[in-house]
Amino acid sequence: MSESSLPVFAVEQLPAVGPTTLDGPEGKHAATVRRLRAGEHLLLSDRAGGLARCEVVAAAKDSLQLAVTETWREPQPALRVRLAQALVKGDRGELAVELATEAGVDAVAPWRAARCVAKWDDGPRGAKALARWRSTAEQAAKQARRAWTPEVSEPVSTKQLAALVGSADAALVLHESATEPLASVDLPESGELVLVVGPEGGITREELAALTEAGAHVVRLGPTVLRASTAAAVALGALGVRTDRWG
């Protein structure tokens with residue numbers, strides 16, 4: 001069975017070749033929800049590029065005894081993409097993170113854009129919303145069988161986002177009124193690319209000016225307008241084809 005078809009479970013530290021135990025929430029999920037049994041195979045991931053192929057030796061009520069048969073590390077792509085995703089109302093923000101993670105994003109920065117309907121405060125409500133984005137990224141990475149789980153940073157202001165743009169090797173702002181298509185932009189072969197997706201209400205002229213002054217290119221994906229929750233995934237697909245990210 002190929003690695004791409006095996007279920008993935010997250011661990012804090014990748015075990016060495018030999019016997020190991022998968023317990024805790026992941027072990028319980030594997031044993032009681034996935035109902036893995038002796039002779040079946042799975043992957044363990046440290047969420048930072050490390051993978052271990054394992055065979056189930058025995059299943060308990062809330063854990064699995066495993067035999068680690070092989071371990072390896074998968075490198076990050078030469079060109080990493082950091083998504084600056086404007087806060088989106090309701091569960092559409094989590095949908096944006098889920099789709100972007102499945103499409104291969106390397107990092108996510110929640111952006112407090114001026115026209116965001118959703119407002120994350122600095123208290124418990126904001127922390128809870130951030131935790132949901134991080135949990136969504138982790139679950140989507142496992143679903144997509146990715147070796148790397150995207151880091152979801154603390155929310156950034158427009159000033160902080162402009163600083164990220166200025167320090168990146170390239171930056172793209174998706175905007176419906178842009179005249180330059182993404183397909184025509186020169187992209188670096190390596191380094192970091194910042195991809196900016198605005199809120200439902202759009203990016204203000206002041207925000208657009210701050211980002212372009214920092215070095216961002218304003219581009220469009222096509223003739224139609226995409227939702228704030230789906231634009232990043234579509235752009236990542238285009239970047240995957242235009243670069244070596246998809247091999």
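Quantities reported herein were computed from a predicted structural model and do not represent experimental measurements.

Enquirer: What is the right way to look at the overall build of the chain in this model?
Expert: Across its full length, the chain holds six helices and eleven strands. Whereas a compact globule of 247 residues would reach a radius of gyration of roughly 18 Å, the chain reaches 20 Å, a difference of no more than 12%. Principal axes of the C-alpha set define a box for the chain whose edges measure 60 × 40 × 30 Å. By residue count, 48% of the 247 residues in the chain fall in the buried class. Considering only contacts in the chain between residues 6 or more positions apart, those separated by 24 or more positions represent 73%. Charged side chains of the chain number 28 positive and 31 negative; the gap between the two group centres comes to 6 Å.

Enquirer: What should I look at first to understand the pairing of strand S5 (residues 64-73) in this one?
Expert: Bridging between strand S2 (residues 18-22) and S5 involves five bridges; their strand directions are antiparallel. Paired with Leu22 across the strands is Leu64, a residue of S5. The pairing of strand S4 (residues 50-59) with S5 spans nine bridges and is classified as antiparallel. Opposite Arg53, over in S5, you have Glu70 as the bridge partner. What sits between the antiparallel neighbours S4 and S5 is a turn of four residues.

Enquirer: Explain a nonpolar patch on the surface here, please?
Expert: A contiguous nonpolar patch, built from Leu221, Leu226 and Val234 and spanning about 210 Å² of accessible area, is present on the exposed surface. Within the secondary structure layout, Leu221 lies in the loop between strand S11 (217-219) and helix H6 (231-242). The exposure class of Leu221 is partly exposed, given its relative accessible area of 32%.

Cut-offs applied
- Residues numbered from 1 in each chain as written.
- Predicted model: local features only at pLDDT ≥ 70, side-chain atom pairs only at ≥ 80, totals over all residues.
- Heavy atoms only, no water.
- Helix = DSSP H or I, 4+ residues; strand = E, 2+ residues; numbered from the N terminus.
- Rg over C-alpha atoms; globule rule 2.2 N^0.38 Å.
- Buried < 20%, exposed > 50% of the residue type's maximum accessible area, 1.4 Å probe, protein only.
- Contact = heavy atoms within 4.5 Å.
- Lys, Arg positive; Asp, Glu negative; His and termini not counted.
- Charge placed at Lys NZ, Arg CZ, Asp CG, Glu CD.
- Pairing = 2+ DSSP bridges.
- Patch = residues over 30% accessible without salt bridge, like charges linked within 9 Å, V, L, I, M, F, W, Y side chains within 5 Å.
- Areas by Shrake-Rupley, 256 points an atom, 1.4 Å probe, with all protein chains shown as cover.
- Salt bridge = Lys/Arg side-chain N within 4 Å of Asp/Glu carboxyl O.

This is a description of form; function is not addressed.
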